[in-house]
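Working through the structure, step by step
One-letter residues, chain by chain:
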Amino acid sequence: MGCLVIHQGVRDTKLADNGEINFLYRIGPGQVSGREFISLNCEDELYEEALRLRDPYAEWVYTLNEEFSSRSLIRDELSLFFLTDLSNKRNELFDTYETIANLSYLKKRLQGKGIEKIELYGADDAFFESLCSVFPNTQIVRFKPSRERVSLGRRVLADLFYVLRVVIAVFLNGLDNTEKPSTKGRDKSKYFFSFFPQMFDSQLSELRYRDMVKPHDAYLVTILADGMHQNVPITSYRRLVKSLSRHKFELIDRELQIRDLPEALRRYWGIYKLARSAAKLRFEFQGIDLSRYIRQELLWSASRIGRLTFMEKALDRTLASVRAKEIVYPNFEYAFGRMISALVGMKYKSIVRTGFNHGDYSWRFVNYFLAKKEAKITPPYLNHCPIPDRVLAEDELCSEIYKYNGYCNVTIMDEVTRLDYLENLKPKKCDNFALIAAGLHDGELLAACLKKVVETSPTVRFLFKPHPRAKNAYLKKLPQLPNLEVVSSPINQLLEFVGHVYVTYSGVGVEAARLGIPTTLVHMPGRISWSKLLDYRSEDRE
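To start, this report covers the structure provided alongside it. (Residues numbered from 1 in each chain as written. Predicted model: local features only at pLDDT ≥ 70, side-chain atom pairs only at ≥ 80, totals over all residues. Heavy atoms only, no water.)

Once that is clear, we can look at the overall build of the chain. Of regular secondary structure, the chain possesses 17 helices and 25 strands. Seen through its C-alpha atoms, the chain measures out along the principal axes to roughly 80 × 60 × 45 Å. When burial is assessed residue by residue, the chain has 58% of its 542 residues classed as buried. Contacts spanning at least 24 positions in sequence make up 71% of the contacts within the chain whose residues lie at least 6 apart. Element-wise, carbon and sulfur atoms account for 52% of the exposed surface of the chain, whose accessible area totals about 23500 Å². Of the charged side chains in the chain, 78 are positive and 68 negative; the average position of the first set lies 5 Å away from that of the second. (Helix = DSSP H or I, 4+ residues; strand = E, 2+ residues; numbered from the N terminus. Buried < 20%, exposed > 50% of the residue type's maximum accessible area, 1.4 Å probe, protein only. Contact = heavy atoms within 4.5 Å. Areas by Shrake-Rupley, 256 points an atom, 1.4 Å probe, with all protein chains shown as cover. Lys, Arg positive; Asp, Glu negative; His and termini not counted. Charge placed at Lys NZ, Arg CZ, Asp CG, Glu CD.)

In the contact formed by helix 8 (residues 261-276) and helix 10 (residues 291-320), the axes pass within 8 Å of each other and the chain directions differ by 165 degrees. What the angle tells us is that helix 8 and helix 10 run roughly antiparallel. As helix 8 runs across helix 10, the sense of the crossing is right-handed. Facing L261, E263, A264, R267, Y268, I271, Y272, L274 and A275 of helix 8, the residues of helix 10 in contact are R295, L298, L299, S301, A302, S303, I305, G306, T309, F310, E312 and K313. Considering only residue class, the contact of helix 8 with helix 10 consists of 12 nonpolar, 4 polar and 5 charged. (Axes fitted to C-alpha atoms, helices over the stretch in contact; angles between N-to-C directions. Parallel < 35°, antiparallel > 145°, perpendicular 65-115°, else oblique. Left-handed = near helix turned anticlockwise from the far one by under 90°. Nonpolar A, V, L, I, M, F, W, Y, C, P; charged D, E, K, R; others polar.)

Following the sequence through the fold, N331 ends up in the loop between strand 15 (326-329) and helix 11 (335-347). When near neighbours in sequence (up to four residues on either side) are disregarded, N331 contacts F195, R208, H229, F336, G337, R338, F356 and H358.

Turning our eyes to something else, we now look at the environment of A218. One can find A218 in strand 11 (residues 218-222). On a C-alpha basis, the gap between A218 and H247 in space is 7.7 Å, while along the polypeptide they are 29 residues apart. Those residues in contact with A218 that sit more than four places away from it in its chain are K188, K190, Y191, F192 and K248.

Next up on the list: helix 1 (residues 43-63). With 21 residues, helix 1 extends 30 Å from end C-alpha to end C-alpha; this agrees with the ideal 30 Å at 1.5 Å per step. Those residues of helix 1 not exposed but buried are L46, Y47, E49, A50, L53, R54, Y57, A58, W60, V61 and Y62. (Expected span 1.5 Å × (residues − 1).)

If you walk through the whole model with that rule in mind, you get 42 salt bridges. With a closest N to O distance of 3.9 Å, E326 and K190 form a salt bridge. One end of the pair, E326, is in strand 15; the other, K190, is in strand 10 (residues 190-195), with 136 residues separating them in the sequence. Exposure remark for K190: the relative accessible area of 22% places this residue in the partly exposed category. The shortest N-O distance in the salt bridge between R317 and D260 comes to 2.5 Å. Here D260 lies in the loop between strand 12 (249-251) and helix 8 and R317 lies in helix 10, a separation of 57 residues in the sequence. Judged on exposure class, the residue R317 and its partner D260 are both buried. Among the charged side chains, a network of salt bridges with common partners joins R75, D76, E263, R266, R267 and E312. (Salt bridge = Lys/Arg side-chain N within 4 Å of Asp/Glu carboxyl O.)

Where two aromatic rings form a pair, the distance of their centres and the angle of their planes describe that pair. Applying the stated criterion to the full structure yields 37 aromatic pairs. Directly above the ring of W300 sits R155, whose terminal nitrogen or CZ lies 4.3 Å from the centroid. Over the ring of Y404 we find K372; its NZ or CZ atom is 3.6 Å from the centre of that ring. (Phe/Tyr/Trp six-rings, centres within 6.5 Å; stacked < 30°, edge-to-face > 60°. Lys NZ or Arg CZ within 6 Å of the ring centre and 35° of its normal.)

Further remarks concern the sheet that holds strand 21 (residues 430-437). Backbone-to-backbone hydrogen bonds pair the strands of a sheet. The strands run either parallel or antiparallel. Reading across the sheet, the 5 strands line up as 23-22-21-24-25 and stay open at both edges, with parallel pairing between neighbours. In the strand order of this sheet, the two ends are held by strand 23 (484-486) and strand 25 (519-521), each with one partner. In this sheet, neighbouring strand axes are inclined to one another by 25 degrees on average, regardless of whether the strands run parallel or antiparallel. With 3 bridges connecting them, strand 22 (residues 461-465) and strand 23 associate as parallel partners. Directly across from F464, in strand 23, lies its bridge partner V486. (Pairing = 2+ DSSP bridges.)

With that settled, consider a nonpolar patch on the surface. Together, V156, L157 and L160 make up an exposed nonpolar region whose accessible area comes to about 290 Å². Residue L157 is classed as exposed on the basis of its relative accessible area, which comes to 60%. (Patch = residues over 30% accessible without salt bridge, like charges linked within 9 Å, V, L, I, M, F, W, Y side chains within 5 Å.)

So, on to the sheet that holds strand 12. Pairing is parallel in the open sheet, where 7 strands are placed in the order 12-11-10-15-16-19-20. Both outer strands of the open sheet, strand 12 and strand 20 (410-412), are each paired with one neighbouring strand and no more. For this sheet, the mean angle separating the axes of adjacent strands, direction not counted, is 25 degrees. Note that strand 15 and strand 16 (residues 352-356) share 4 bridges and pair parallel. Within strand 16, the residue paired with I327 across the bridge is R353. Lying on the sheet, helix 11 is in contact with strand 10, strand 11, strand 15 and strand 16; it crosses strand 15 at an angle near 170 degrees.

Residue P197 is reached from F196 by a cis peptide bond, and omega for that bond is 10 degrees. Residue placement: P197 occurs in the loop between strand 10 and strand 11. The amide bond that connects P379 to the next residue, P380, takes the cis arrangement and shows omega of 5 degrees. Tracing the sequence through the fold places P380 in the loop between strand 17 (375-376) and strand 18 (385-386).

Next comes the structure, spelled out in structure tokens:
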């Protein structure tokens, strides 16, 4: 009799011996001890399985637009499906795609192994139901189940708080708009969209565009955004508004209006009703029951779309008051950017939409992948995802991925301004210093993964750099080791002297490698790596 132990999470677990043949599959850095195990983890084979499933999964997700169409979840010429995180396939937020890859890989590895029992540690209900659908005739016993990532109660509270922030912002706008604003400065023709203050330095220069923004150009910014891309305290709102020159900054939030609330509620309620029916509909991909995962993604998407309604209406009013001929915007692959693509494509056809490549890409990062013939530049967008008129890509790899997914008029930038700092940086590569650079969503996992490396290298001082925009509450739980230090110094200062860099998917790894600094790509058990480094190294082997 064979027993499979599946362990998910950060915490270590010690099991009692059961006298059986035990197989172990880990999802996350948590260690399992107490038995003799045959490990089933193999990162290369998991990545191959993820690549094999990527396109069929993108096609399957695309078919879910039919559920939106049948329920009239559309707005003018746009299906709201394309503004959902479900359509975006947010692998960094939800485990749906990763679960598919893991279970598909396990099913292949366990053929002929005689597994009669599965012990599941740390997984949530969504993973459990998917596992049961893949191994219907196997006894599955759960231990220490985890909480699902998305719950209705937490989402409703967060959304109510967001609406309150909108109401306060509208009130504060009223205090500052006792006189009709001058139209001086609104004759700019090229606008660069961004999130303020998150993406600006102390000199009010946008961190990604830098010198691309010329004196005769202007910024199109939001402070509140959707409360997900950035979450600025409402107590700072008025101060931030006053810091923006109307000659250079067009603030979308000035056009927020409470009258948009009913429409936001209608859209929110429509997606929420679909989420409630997810379990009854049974969403299944290649024999894997994903109903609970899809419900989580729809609940999150209801929040997203409700909030985007406020932003969309405000942006519409803003664009109606300026003379824009071109808008440059990042995040066009995501819901916020798709909203911009759709609005401008439907109502402001004379404005050129330029998508700006805002980060590193990978052939395994399913977020950026669309079904064949899903993308479309011109409306209607009832059955097609809105995309920009043209795209500026950072390099050849990004360009290839964009073209593969149906984006048109893709050109490679002559200069990636956000990386200009690398030209003048001369790394000293001190062997006694190492940098651990966390990504936006993986800080706690990365720290746990590298705990043993830190403990066994007492002569090296490890500098742990959390992502500046991440929720970093986990830092309080980091292991207290004498040679591990949390730092907040800018990346350029750290790369000047560290002799080694550890990353999972952070772009810092690519930048360090370009500088010739030894870089370790950390592979987490059961997690799909979407680091560009992996693609580059595959090309080198070829």
